[in-house]
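Summary of the model geometry
These are the residues of each chain, in order.
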Amino acid sequence: QVQLVESGGGLVQAGGSLRLSCAASGRTFSTGAMAWFRQASGQERQFVAAIGCGGHSTNYADSVKGRFTGSRDNAKNAVYLEMNSLKPEDTAVYYCAARTGCYGYVRANEYDYWGQGTQVTVSS
């Protein structure tokens, strides 16, 4: 039994902020990379941010650089995504993902475990 559970999504006005959380249960992922992806209606699932197993290496999609910050707390088996200056185009279902390896790949198929997703809606 492996579960990743996202929380923190909701409806926010353009320019606002949200912080997403993802907690693992049933297994720990402190030695592996974790990442965030998102999928807008009718579109492919796209990379947002990744954090390597060391907690210092981060990658961000160009569309969110300077606005989103990913972080992790290995003691809590959790990863976070701080989203600032939100735009309507950020509207999507956001997914937490984890893998046993250390590198934070941008490709979704590199990740072994996924949460159910949490909806983020940004109104204009």
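The structure under discussion appears in the preceding block.
About the criteria used
- Along each chain, residue indices are assigned from 1 in the same order as the chain's sequence is written.
- This being a predicted model, a pLDDT of at least 70 is required before a residue's local features are given, and a value of 80 or more before pairs of side-chain atoms are given or counted; all residues contribute to the totals for chains, interfaces and linings.
- For side-chain calculations, the full set of non-hydrogen atoms in the structure is used, while hydrogens and water are omitted.
- Helix and strand assignments follow DSSP, with helices taken as H or I runs no shorter than four residues and strands as E runs no shorter than two, numbered in order from the N terminus.
- Here the term buried applies to any residue with accessible area under 20% of the maximum for its type, exposed to any over 50%, and partly exposed to those in between, with areas from a 1.4 Å probe on protein chains only.
- Under this rule, positive means Lys or Arg and negative means Asp or Glu; His and the chain ends count for nothing.
- For this document, the term salt bridge refers to a Lys or Arg side-chain nitrogen within 4 Å of an Asp or Glu carboxyl oxygen.
- Pairs of N or O atoms are called polar contacts if they sit within 3.5 Å, as long as, within protein, a hydrogen donor faces a hydrogen acceptor (for residues adjacent in sequence, only side-chain-to-side-chain pairs).
- The set of buried Ala, Val, Leu, Ile, Met, Phe, Trp, Tyr and Cys residues whose side-chain atoms join them within 4.5 Å is what this entry labels a nonpolar core.
- The rule for a disulfide is simple: a pair of cysteine sulfur atoms within 2.5 Å.
- Note on aromatic pairs: the rings of Phe, Tyr and Trp (six-membered ring only in Trp) are paired at centre separations within 6.5 Å, and the planes decide the class, stacked below 30 degrees, edge-to-face beyond 60, tilted for the rest.

Now for the side chain of R72. By the element assignment, R72 lies in strand β7 (residues 68–73). This buried residue, R72, is left without a salt bridge; D73 holds the nearest opposite charge, at 8.1 Å. Polar side-chain contacts of R72 include one of 2.7 Å to the backbone oxygen of G32. At 3.4 Å, the side chain of R72 and the backbone oxygen of I51 are in polar contact.

This brings us to the nonpolar core. Grouped together as the largest cluster of nonpolar side chains are 31 residues, with contacts concentrated most on W36, V48, F68, L81, M83 and Y94. Listing elements by their share of this core, those giving two or more residues are β3 (18–25), β4 (34–39), β5 (46–51), β8 (78–83), β9 (92–98) and β11 (118–123).

The next subject is the state of the cysteines. For the structure shown, the criterion picks out two disulfides. A sulfur-sulfur separation of 2.0 Å characterises the disulfide bridge that pairs C22 with C96. Sign of the S-S torsion, about -80° for the bond between C22 and C96, identifies this disulfide as left-handed. Of this pair, C22 sits in strand β3 while C96 sits in strand β9, and the two are 74 residues apart along the sequence. Like C22, the residue C96 is buried in the burial classification.

Okay, the packing of aromatic side chains next. This structure, assessed with the given rule, holds five aromatic pairs. With a centroid separation of 5.5 Å and an interplanar angle of 70°, the aromatic rings of F37 and Y111 are classed as edge-to-face. One end of the pair, F37, is in strand β4; the other, Y111, is in the loop between β9 and β10 (113–114), with 74 residues separating them in the sequence. Owing to a relative accessible area of 5%, Y111 belongs among the buried residues under this scheme. Where F37 meets W114, the ring centres are 5.2 Å apart and the plane angle is 50°; that geometry is what we call tilted. One end of the pair, F37, is in strand β4; the other, W114, is in strand β10, with 77 residues separating them in the sequence. Judged by relative accessible area, F37 falls into the buried class, the value being 1%. A relative accessible area of 27% places W114 in the partly exposed class. Among the aromatic residues, those joined into a ring-pair cluster are F37, F47, Y111 and W114.

Geometric values such as these leave the question of function open.
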